[in-house]
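Letter by letter, the chains look like this.
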Amino acid sequence: MAAIFSLIAGLIGAVFGHVLSEKKSRNDELAKMRLDAYSDFLKAISFLVSARRSGRIQDEISELGALNDAKSRICVCADAGVVEALESFWLQGGTLEKEQEILAYTRLCRMMRQSLGKDDLSLEIRLSDILFRLEPSTFSYRRKVDEG
């Protein structure tokens, strides 16, 4: 009788361990897919915004395809808060030309960070300045002119 109970307990333990292992594996794959989607989206948006700021207003089909692919993957695998922040950013215009777009993008970046399990950034950290200032605060145009 003890042998049967041991065998049953061992079987239950093995099944339970297998289920937990499968769940962890799925979660790991989902986290990687989410991270890849975030990275691809950030890269595509950065590329398109840089192109617009340099004066190019005609988007390439491949650029738009990469952006839409990343947005689709975010909609499929991201947390609800990230998808809502993406929607807000996109409905604001998605070009990072207006203040409300920049604020929506900053919120999206914060939500992505949070969904990846990172600590919330303090509101004292001016994420918008980090993301959108073209030159660091120590940059000196005067020094650049003096050297030239």
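Residues numbered from 1 in each chain as written. Predicted model: local features only at pLDDT ≥ 70, side-chain atom pairs only at ≥ 80, totals over all residues. Heavy atoms only, no water.

Caption draft 1: Here's a closer look at helix 3 (residues 80-92). With 13 residues, helix 3 should reach 18 Å at 1.5 Å per residue; the first-to-last C-alpha distance of 18 Å fits that figure. Of all the positions in helix 3, only Gly-81, Val-82, Ala-85, Leu-86 and Phe-89 are classed as buried. Projected onto a plane normal to the axis of helix 3, the buried residues spread over an arc of 135° and lie on a single side. Turned more than 90 degrees away from the buried face of helix 3, the exposed residues are Ala-80 and Leu-91. For helix 3, the elements touching its buried residues are helix 1 (2-53), helix 2 (61-77) and helix 4 (99-115). With its phi angle positive at about 140°, Gly-93 sits one or two positions after the end of helix 3. (Helix = DSSP H or I, 4+ residues; strand = E, 2+ residues; numbered from the N terminus. Expected span 1.5 Å × (residues − 1). Buried < 20%, exposed > 50% of the residue type's maximum accessible area, 1.4 Å probe, protein only. Arc of directions from axis to C-beta. Contact = heavy atoms within 4.5 Å.)

Caption draft 2: Summary view of the packing of aromatic side chains. This structure, assessed with the given rule, holds three aromatic pairs. With a centroid separation of 5.3 Å and 55° between ring planes, the pair formed by Phe-89 and Tyr-105 is classed as tilted. Of this pair, Phe-89 sits in helix 3 while Tyr-105 sits in helix 4, placing them 16 residues apart in sequence. Across the pair, Tyr-105 and Phe-89 agree in class, each one buried. Members of the aromatic cluster, joined through ring pairs, are Phe-41, Phe-89, Trp-90 and Tyr-105. (Phe/Tyr/Trp six-rings, centres within 6.5 Å; stacked < 30°, edge-to-face > 60°.)

Caption draft 3: Helix 4, seen in detail. Between its first and last C-alpha, helix 4 extends 24 Å over 17 residues, near the 24 Å set by a 1.5 Å rise per residue. Residues of helix 4 that are buried: Glu-101, Ile-102, Ala-104, Tyr-105, Thr-106, Leu-108, Cys-109, Met-111, Met-112 and Ser-115. One or two positions beyond helix 4, positive phi appears at Gly-117, with a value near 85°.

Caption draft 4: Spatial organisation of the nonpolar core. Formed by 24 residues in total, the largest nonpolar core has its most connected members in Phe-41, Ile-45, Ile-74, Val-82, Phe-89 and Leu-108. Where this core is concerned, the elements lending two or more residues are helix 1, helix 2, helix 3 and helix 4. Ignoring any residue separated from it by four or fewer positions in sequence, one finds Ile-74 in contact with Ala-37, Tyr-38, Phe-41, Val-82, Val-83, Leu-86 and Met-112. (Core = buried A, V, L, I, M, F, W, Y, C linked by side-chain atoms within 4.5 Å.)

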